[in-house]
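Chain and residue survey
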Amino acid sequence: MATYKVTVATGSFFEAGTVDCISVTLVGERGQSPKHHLNNYGRDLTSGSVDLYHVKAEQDLGRILLVRLQKEAFSIFPEDSWYCNEVTVEPPNGKPYHFPCYRWIEGYITIELREGTATLIQEDAQPLLLQHRVAELKNNQASFGWKAYPGAPWGLDVNSPEELDDDYKYSLTKKGGLGLQSGVAVLELKLKGLLNLQESWKSFEDIERVFWKKRTEVSEYVSQHWKEDTFFGYQLLNGANPLQIQKCTKVPPNFPVTDEMVKHSLGDHTSLHNELQKGNIFIVDYKVLEGIPPNVIRGQQQHIATPMCLLYRTPADDIIPIAIQLNQTPGPGSPIFLPSDSEWDWMLAKIWVRNADFLVQGGHSHFLGTHLLAETFMVSTLHQLPSCHPVYKLLLPHFRYTLYANMAARDKLVGPGGVFDQSASTGAEHFNDFMKNGLEILTYSSLCIVDNIVSRGMDKLPKYYFRDDSLKLWAATESFVSSIVDCYYQDDSCVQKDSELQAWVDEIFAKAFLARESSGVPSALKSRAELVKYLTMIIYTCSAKHASVNSPQFDFLYWMPNSPATMRNPPPKTKGAATIENILKTLPEVDSTCRIMVLMWVLTSTSSDRVLLGNYPDQLFTEEKAAQCIKAFQKRLSEISVEIQKRNQDLPVKYAYLDPLLIENSISI
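Presented here is an overview of the structure given in this document. The structure displayed is predicted, hence computed values, not measured ones.

What counts and how
Counting from 1, residues in each chain are numbered in the order their sequence is written. Local features in this predicted model are restricted to residues whose pLDDT is 70 or higher, and side-chain atom pairs enter the listing and the counts only when it is 80 or higher, whereas totals over whole chains, interfaces and linings include all residues. Each side-chain value is derived from all of the structure's non-hydrogen atoms; neither hydrogens nor water enter the calculation. Put simply, a salt bridge is a Lys or Arg side-chain nitrogen that is within 4 Å of an Asp or Glu carboxyl oxygen. Put simply, DSSP marks the helices as runs of H or I at least four residues long and the strands as runs of E at least two long, and each gets a number from the N terminus on. The rule is simple: take the accessible area with a 1.4 Å probe, protein chains only, and divide by the maximum for that residue type; under 20% is buried, over 50% is exposed, in between is partly exposed. For this analysis, a nonpolar core means a set of buried residues of the types Ala, Val, Leu, Ile, Met, Phe, Trp, Tyr and Cys, connected via side-chain atoms within 4.5 Å. By the convention used here, residues are in contact when the closest approach between their heavy atoms is within 4.5 Å. What a helix should span is 1.5 Å times the count of its residues minus one. An arc is given here, and it is the one of the directions from the helix axis to the C-beta atoms.

**Re the pattern of salt bridges**
Applying the stated criterion to the full structure yields 39 salt bridges. Among the salt bridges present, the one from Asp60 reaches Arg30, with a minimum N-O distance of 3.9 Å. Residue Asp60 is found in the loop between strand 5 (50–57) and strand 6 (64–72), and its partner Arg30 is found in the loop between strand 2 (21–28) and strand 3 (31–32); the two are separated by 30 residues along the sequence. Between Glu290 and Lys287 there is a salt bridge; the shortest N-O distance is 2.8 Å. Residue Glu290 is classed as partly exposed on the basis of its relative accessible area, which comes to 37%. Beyond isolated ion pairs, a larger network of salt bridges with shared partners links Lys472, Lys635, Arg636, Glu639 and Glu643.

**So, the nonpolar core**
Counting 171 residues, the largest nonpolar core has Tyr489, Trp504 and Ile538 as its most contacted members. Take this core: its biggest share by element is 20 residues, from helix 8 (residues 343–384). Those residues in contact with Trp504 that lie beyond four places of it in its chain are Phe377, Ser380, Thr381, Gln384, Leu385, Val391, Leu395, Tyr534, Leu535 and Ile538. Counting 26 residues, the second largest nonpolar core, distinct from the first, contains Tyr53, Val89, Ile105 and Leu113.

**Topic: helix 2 (residues 172–191)**
Here helix 2 is 20 residues long and its end C-alpha atoms lie 28 Å apart, about the 28 Å a rise of 1.5 Å per residue gives. The set of residues buried in helix 2 consists of Lys174, Leu178, Ala185, Glu188 and Leu189. Down the axis, helix 2 shows its buried residues gathered within 110° of arc, on one side only. Residues of helix 2 that are exposed and point over 90 degrees away from its buried face: Leu172, Leu180, Lys190 and Leu191. Turning to helix 2, the residues buried within the fold contact helix 21 (590–603). Positive phi shows up at Gly193, right after helix 2, with a value of about 70°.

**Digging into unusual backbone geometry**
A positive phi angle, close to 70°, is found at Asn196, a residue other than glycine. Within the element layout of this structure, Asn196 appears in the loop between helix 2 and helix 3 (204–207). Overall, Asn196 belongs to the exposed group, its relative accessible area being 52%. Positioned with a positive phi, Leu514 is a non-glycine residue whose angle comes to about 55°.

Structure, rendered in structure tokens:
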């Protein structure tokens, strides 16, 4: 007779406990124990409890391979879901076995938990464990179906966030907090009579009075400095879309800027050619918007431009715009606007660039470049990697809440009748076309920030705080991932022989990037170095990159004239016609403005149950060597946080979006 001490830990949050009947069976190499009901004196399995039981077996079971949990009805009580953290089994002689769970157990079912040591498929010699791997993946593939979105990454085949299992839904804390944030904002707008008001703004000053208290230090700075050319350039580096600007080594032939045009900006001592040679000319080009039919909002046709903007690095290391063309085809109907033009002409031209940047930021840099990719990464992980796989254990925390956030976005933001459909010039009808344009130019290089910075020629430009912080975070993440990979892959051949890993990479290539070889995204991995880079890209995308394009949104997009979501009049075809009245009639009307303002406030709000980068409250890794890797990662992130805060002390506009103390581990909103 052998007696095993079995400890069962229940989640500590609201309603994690259960009144249902739970039984445990220990499955070992030499047999299994009888089914044992988890029933001590008093109430068992309550929220936050850690309950100890003694399970007897007729003989020593040898190495414990699986723990079988069976959930059954208790008396006449209705079914009561249970959140199990983990089960620990201590044999009569030897070290305890840990069986991570960290999931809801719903309905009257039987589940099997595998011992927590991370294991590659080629290392699994035990037939029972191999069967468990296969069965788990088959179940996941049946439960998480693919849904095709023409031209865009494939997603989960679910129509509503509420159809998701509880494991993937927002907590009551998060859902309640978001509801309160939006509810208070909407109530304020209704009290002021601004919602559904389909009139043009009478003045810029009126926009300042939309919200009484929903302001930040940066949003106030933006509202005061948005007209300045130096700030226009600054936010292309450190605003909500810091990935668009690149060095210009040759002015595009369809952007015929001459020396005479930019002489006012460059001065008499130099020329455009000289500054191009020195590396002081930069460009933002929004060609990706070409061909997207503009939205119709409440019966009124909206408009989209495809501008190009040339910028100059001044001797003071400021970036300023020096020429703007509002479409991709030069000619008499496509003037090049200059700082020397009238105040209103130049302001309107810059507003059109900011409108294009808003659309690309929200659609491509943000939704496509983080949310949609993360969803595909996650579904492929569930399809191809069992929970005992080290890559599964590494990545799962970086997918927390992502499915729910994406389903909610499709339902409430980018779908028919959503906020963008009611308020932005890229409506729901042609949203997939918009995503298709972005996916066609998305590359592996653009997703790996070190390569991205170099390919855009942005590696030496001063005052590019996004770059500085991103490179530190990438390096820290890469070091952490490398240490984890080294724990489980002894050499390159281990990577090549990992059939589950190779199937996972191939599925991501097919579903996220539509098997487009020109993307440069690998469909197979041949070495540990390739695996480290690939995993770093995924974690960076789901954490730091998302923070860099999501967290600044309220600060930089709240002030509507700086980043309008739509334009109600077409781009000007001649100079000299712009007036303040014309600009106000071109900008979004009151209702659209207010809806976007509320959205920006909600998207940048924080939840009390957020998990920050580098924190892994669910102990999926049970080995001490993995725990040491996590501690080293946390230590480096703490150092980066101190460095960023010290740097920000001397900045007029603090860049804190990539402070690890503010970066979530996953895309949760």
